[in-house]
Amino acid sequence: MPRPASPAATLVGRFLVAAPSMPDERFQKSVVFICKHDDDGALGIIVNNKVEDLPLGQVYRQLGISVPDTTAERPVLFGGPVEPSRGLVLHSSDYKREETLLIQGGLALTASLEILKDMAGGSGPQQAWLALGHSGWAPGQLDREMQDNAWLVVDGDAALVFDPDFPAKWQRALDRLSGGSAGHFDPASFSHQTGRA
């Protein structure tokens, strides 16, 4: 049985922010919230990219769920390139089912039809995004990408996860590197080169 990553090594509850030099086009300017990170690999949801022309109401209709007016036009996230037809709900931890994965910082992840029915019926979590697909890394893969400076790591929080201003999230996440709201991180100042002094 694999043992969980040590608390110092885990990225659960944090954001991976694509470095300005990100080589993988699928992740350029992405902000990925890490939901799971252990010896088996990592799983995250891109929180600043939506599926074009697919509002939540359309997903509800496809699943035979009555569509509440309040969520009919709510965007659906493109969670990542792994299993893009699978739905995962990243949500506040005030809602829990048996299959719910609780995450640090008051967030949770649930993959079931029941959460979508509860969301449509008004008994779901207070805050939630439906994501199609997720971002996944095999054991050691994310560590290598971090060593290659493809990702920057910043503390995660629900406010940025659930902010609907998708275009601003990448810069807002980067700004956390220079002191949060008081500072502004200039992506042009980032060097992807590593070296030794």
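This is a predicted model, so every value here is computed, not measured.

S.K.: So what's going on with the overall build of the chain? Residues and values would help.
M.R.: A count of helical and extended segments in the chain gives 5 helices and 9 strands. For the chain, with 197 residues in total, the buried portion stands at 44%. Long-range contacts, defined as pairs at least 24 residues apart, comprise 64% of the intrachain contacts of the chain with a sequence gap of at least 6. As presented, the chain carries roughly 10300 Å² of accessible surface, and 49% of it is formed by carbon and sulfur atoms.

S.K.: I'd like a rundown of the pattern of salt bridges, residues and numbers included.
M.R.: Across all of its chains, the model carries 8 salt bridges by this definition. Here Asp-24 and Arg-26 are joined by a salt bridge, their closest N and O atoms 2.7 Å apart. Classification of Arg-26 as partly exposed rests on a relative accessible area of 49%. Of the charged contacts, one joins Glu-99 and Arg-97 as a salt bridge, the two residues approaching to 2.9 Å between their closest N and O atoms. Judged by its relative accessible area of 38%, Glu-99 falls in the partly exposed class. One salt-bridge network, in which partners are shared between bridges, spans Arg-97, Glu-99 and Asp-118.

S.K.: Account for helix 5 (residues 166-175), with residues named and values stated.
M.R.: Of all 10 residues in helix 5, 7 are buried; the element is thus mostly enclosed. Along helix 5, the positions that sit buried rather than exposed are Phe-166, Lys-169, Trp-170, Gln-171, Ala-173, Leu-174 and Asp-175. Taken together, the buried residues of helix 5 touch strand 1 (14-18), strand 2 (31-38), strand 4 (77-78), strand 8 (128-137), strand 9 (151-155) and helix 4 (158-162).

S.K.: So what's going on with the packing of aromatic side chains? Which residues, and what values?
M.R.: Evaluation of the coordinates by the stated rule reveals 5 aromatic pairs. On the basis of an interplanar angle of 80 degrees and a centroid distance of 6.1 Å, the ring pair of Trp-137 and Trp-151 is categorised as edge-to-face. Placement of the pair is Trp-137 in strand 8 and Trp-151 in strand 9, with a sequence separation of 14 residues. Accessibility classification places Trp-137 together with Trp-151 in one group, the buried group.

Conventions used here
- Residues numbered from 1 in each chain as written.
- Predicted model: local features only at pLDDT ≥ 70, side-chain atom pairs only at ≥ 80, totals over all residues.
- Heavy atoms only, no water.
- Helix = DSSP H or I, 4+ residues; strand = E, 2+ residues; numbered from the N terminus.
- Buried < 20%, exposed > 50% of the residue type's maximum accessible area, 1.4 Å probe, protein only.
- Contact = heavy atoms within 4.5 Å.
- Areas by Shrake-Rupley, 256 points an atom, 1.4 Å probe, with all protein chains shown as cover.
- Salt bridge = Lys/Arg side-chain N within 4 Å of Asp/Glu carboxyl O.
- Phe/Tyr/Trp six-rings, centres within 6.5 Å; stacked < 30°, edge-to-face > 60°.

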